[in-house]
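Examination of the molecular architecture
Here are the chains, one letter per residue:
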Amino acid sequence: MSLHDDVEEVLLDADAIANRVAELGAQLTADFGDRDPVLVSVLKGALPFLADLMRAMEMPVSIDLMEVSSYGAGTETSGQVRILKDLSRSIEGRHVIIVEDIIDTGLTLNYLLKYLADKAPASVRIVCLLDKPARRLADIPIDYRGFEIPDRFVVGYGLDFDERYRNLPYIGVLKPSVYGGAPPEG
Ligand code: PRP
């Protein structure tokens, strides 16, 4: 039984992701030059993207990790954002690049932007791999975007359904039989 058997359709294969991440890394390298930015990433879904993106940036960078909960136990967006893990170092005076895997309703980033702005960084920019504008509730200024995707529930390359499928090397859509009934939101 392979994880791949649960996938109905591959939306973005590993090559497409790698090529786009390389482009984003080159763009960030050109834009940030020697400004020594700190990449602030949000666990857990952004991990593969962060790992690949930082290696595509040919310049000194630091990283920090936060964990927030934006969803309830299922896949419904609750609108509630709780900080489960905070930054480990001060970002005062630093150029911050928020690295996210997906922006869906935008509620997580909306909260995070205000939270980080209060810590007096020199600047805050957002890079996200996937932008799903169909369900947006908060307007988010996305500076760097990997792909715009349709309103479908996607897994892989960090994204999960019930904590599974994060390790798929591509981004795909699950077969309805996997979640049973209506497709999950999110
Ligand atoms: C995902 C994603 C963002 C958030 C985006 O995380 O990593 O943080 O949802 O959704 P929004 O735009 O509707 O707020 P999730 O809460 O699923 O946690 P995970 O990364 O640990 O899977």
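The rules behind the values
- Think of each chain on its own: its residues are numbered from 1, step by step along the sequence as written.
- In keeping with the predicted nature of the model, local features appear solely for residues at pLDDT of at least 70, side-chain atom pairs appear and are counted solely at 80 or more, and the whole-chain, interface and lining totals rest on all residues.
- With hydrogens and water set aside, each side-chain value is computed from the structure's full complement of heavy atoms.
- One heavy atom within 4 Å of a molecule or strand is enough for the residue carrying it to be called near that molecule or strand.
- We define a polar contact as two N or O atoms separated by no more than 3.5 Å, with the added condition that, inside protein, one atom must be a possible hydrogen donor and the other a possible acceptor, whereas residues neighbouring each other in sequence contribute only through side-chain atom pairs.
- To measure how exposed things are, a 1.4 Å probe is used in the Shrake-Rupley method; for residues, cover is taken only from the protein chains shown.
- Under the DSSP-based scheme used, a helix requires at least four consecutive residues in state H or I and a strand at least two consecutive residues in state E, with every element numbered from the N terminus.
- Only the six-membered ring of Trp is used, alongside the rings of Phe and Tyr, when aromatic pairs are assigned; centres must lie within 6.5 Å, and planes under 30 degrees apart are stacked while those over 60 apart are edge-to-face, with the rest tilted.
- Three exposure classes are used, based on accessible area relative to the maximum for each residue type with a 1.4 Å probe and protein chains only: buried under 20%, partly exposed in between, and exposed over 50%.
- Working rule: Lys NZ or Arg CZ, within 6 Å of ring centre, within 35 degrees of ring normal, means a charge sits over the ring.

If you check the shell around the ligand, you find 16 residues, and the closest are E100, D101, T105, G106 and T108. Interatomic distance of 2.6 Å between a side-chain N/O atom of E100 and an oxygen atom of the ligand. In this structure, an oxygen atom belonging to the ligand sits 2.8 Å away from a main-chain N or O atom of D104. Protein burial of the ligand: of its 500 Å² of free accessible surface, 90% is covered by the chains. For the shell around the ligand, the secondary-structure elements that each account for two or more residues are β3 (62-71), β5 (95-103) and α3 (107-117).

Before going further, it helps to examine the packing of aromatic side chains. Per the stated rule, a full pass over the model turns up 3 aromatic pairs. Ring centres 6.2 Å apart and planes at 15 degrees place the aromatic pair Y111 and Y115 in the stacked group. Taken as a pair, Y111 and Y115 lie in helix α3 at a separation of 4 residues, close to a single helical turn. Arranged with centres 6.1 Å apart and planes meeting at 75 degrees, the rings of F161 and Y179 form a pair that is edge-to-face. With a gap of 18 residues between them, F161 in the loop between β8 (154-155) and β9 (171-174) and Y179 in helix α4 (residues 176-179) connect regions that are remote in the sequence. A single burial state applies to F161 and to Y179, both of which are buried. A connected cluster of aromatic rings, assembled from ring pairs, spans F153, F161 and Y179. Directly above the aromatic system of F32 lies the positively charged group of R35, at a separation of 4.8 Å from the ring centroid.

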